[in-house]
Each structure stands twice: as structure tokens, then as C-alpha cells.
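So you can see what is in the structure, the chains are spelled out below.
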Amino acid sequence: AQSVTQLGSHVSVSEGALVLLRCNYSSSVPPYLFWYVQYPNQGLQLLLKYTTGATLVKGINGFEAEFKKSETSFHLTKPSAHMSDAAEYFCAVTFTPKIIFGSGTRLSIRP
Amino acid sequence: DTGVSQDPRHKITKRGQNVTFRCDPISEHNRLYWYRQTLGQGPEFLTYFQNEAQLEKSRLLSDRFSAERPKGSFSTLEIQRTEQGDSAMYLCASSLVQGPTDTQYFGPGTRLTVL
């Protein structure tokens, strides 16, 4: 069965610092993986997705994620945090056709 | 704006009342999904349609819940005899199936509060 575990319900970084949000998945088949971002009282916006091919995936707003099969991980990174990055981030795996979401990581940015 | 839209954005109701939410997907998307998100959690799948056919329903979707997509375009989600446990954000997403997987685009959600 497919599942997703996000390590850390809350991450706080300083503006300009590296952002690292951790995600591990469990899947009985080759996974399709996603990161979504949710701003307060809004729906989810797709940041990036991995289906097949290149394991380093670049997304919007300077985010990227690397699929590591050996570690069953799909961590999200951004080299330099900006105040506008403060939001809730969800890692997800597709269990066609539905998506299984992690419980989310709230990212806070300190000035 | 050609994204997924949902109406209303907020709904406050009293326990026992019926409520109905509407979702308008991105034009020409053939799949439409409903998810429920409670505070501090990720969204959970409720049901999905391919065109007008409802193909899967989660165990979360009790008999009080019903969803329709009558002409394969917009969809409605009705909750009868609401309970306080129904308070949540109800998210709609749509996608165009073109291969082994599809990208789901989400609407802004309808926040339901049951008093």
C-alpha cells in the first residue's frame, strides 16, 4: 500500500537559509511523487512532481526535490528561504487515481 | 481565471441541516475529485468521477454524503443531516488523463463549520 511520512510537523528557518523538508514514502509499485504548497485558507498548489526519468526535479519558486529510490525519500529543498515561502507543504504519492497525502509540514521563516 | 472554482468558500450551518457544495473544474478536464481536509492534516480522498461516472468512493463517504457530476462538467457534494465531525475543508480537484498518471489541480476549497 502507498503511504507518505513527513518528518517534522513544523520547520523554522531564517530568511536566506536553506530549506529542507523531509518526506519518505512507501509504495508497492514505482511511485509518482508530488509536493504541494498550501497558503492559509487556500487550496493546494502543485510545486513539483516526479514521474519517471531524471531524479532531480525542479519546481516553481526555486524549489527542487530529489527522488532517492534506495532511501525511499523525496525531500524538498530551496537554497535560500524567502518570507513568502511561509506556508504548509504536503508531500504526496499517487495511488492511481487518487493522491495519498502526508500530514504536512508548516514552514515558518524568521526575519 | 481558468482554474478550479468552488462555491461557497465558507459555510456555517447548524447540526442536522443539509448543505451542498459546488465545484467547477478546469474546462475539458475529464476527472474530478473530492477531498476532505481537517485541521492539521493532509487532504483525504473522498470520491472521484471520470466524466459523469462516479468510479470510486472512500469509506470516509458515509451514507449522508452524496456527490454528482450530471453532465460531466461541474460537480456537487451534498451532506445530509450534518454533524459536528463534518466540519472540515472540502477540496475539489480536476485533471486531464493523458497517460499513466495525471496532475490534479485543486480549487480554493469550501470551509464547512457545523455548530
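All values reported here derive from a predicted model rather than from experimental measurement.

Engineer: How would you sum up the confidence of the model for chain B? Please name residues and give values.
Structural biologist: Confidence in the prediction of chain B, expressed as mean pLDDT, is 92, and 98% of residues score 70 or more. Across chain B, element-level confidence peaks in strand β3 (residues 19–24) of chain B with a mean pLDDT of 98 and bottoms out in strand β6 (residues 53–57) of chain B with 91.

Engineer: How would you sum up the state of the cysteines? Please name residues and give values.
Structural biologist: Residue and element names in this part refer to chain A. Enumeration over the complete set of coordinates arrives at 2 disulfides over all chains. With its sulfur 2.0 Å from that of its partner, C23 forms a disulfide with C91. The S-S bond linking C23 to C91 shows a torsion near -65°; that makes this disulfide left-handed. With C23 in strand β3 (residues 19–26) and C91 in strand β9 (residues 87–95), the pair connects residues that are 68 residues apart, well separated along the chain. Taking the relative accessible area as the measure of exposure, C23 reaches 0% and is therefore buried.

Engineer: How would you summarise the nonpolar core if you had to cite specific residues and measurements?
Structural biologist: Here is a general trend for soluble globular proteins: nonpolar side chains tend to be buried in one another's company. Among the nonpolar cores identified, the biggest contains 27 residues, and W35, L48, F74, L76 and Y89 of chain A are the most heavily contacted of them. At the level of elements, β2 (10–14), β3, β4 (33–38), β5 (44–50), β7 (64–68), β8 (73–78), β9 and β11 (105–110) of chain A are the ones that each hand at least two residues to this core. Those residues within four positions of F74 of chain A in sequence are excluded, and the remaining contacts are C23, L33, F34, W35, L48, Y50, A65, E66, F67 and C91 of chain A. Among the nonpolar cores identified, the runner-up in size contains 19 residues, and V19, F21, I26 and I79 of chain B belong to it.

Engineer: Give me the lowdown on the pattern of salt bridges, citing residues and values where you can.
Structural biologist: Enumeration over the complete set of coordinates arrives at 7 salt bridges over all chains. Residue E64 of chain A is joined to K58 of chain A by a salt bridge in which the shortest nitrogen-to-oxygen separation is 2.8 Å. Here E64 of chain A falls in the partly exposed class, since its relative accessible area comes to 22%. Salt-bridge contacts for D24 of chain B lead to R22 of chain B; the nearest nitrogen and oxygen are separated by 2.7 Å. Residues joined by salt bridges that share partners form a network here, namely R64, E83 and D86 of chain B.

Quick notes on the rules
- Residues numbered from 1 in each chain as written.
- Chains lettered and ligands numbered in written order.
- Predicted model: local features only at pLDDT ≥ 70, side-chain atom pairs only at ≥ 80, totals over all residues.
- Heavy atoms only, no water.
- pLDDT = per-residue confidence, 0-100.
- Helix = DSSP H or I, 4+ residues; strand = E, 2+ residues; numbered from the N terminus.
- Disulfide = S-S within 2.5 Å.
- Buried < 20%, exposed > 50% of the residue type's maximum accessible area, 1.4 Å probe, protein only.
- Core = buried A, V, L, I, M, F, W, Y, C linked by side-chain atoms within 4.5 Å.
- Contact = heavy atoms within 4.5 Å.
- Salt bridge = Lys/Arg side-chain N within 4 Å of Asp/Glu carboxyl O.

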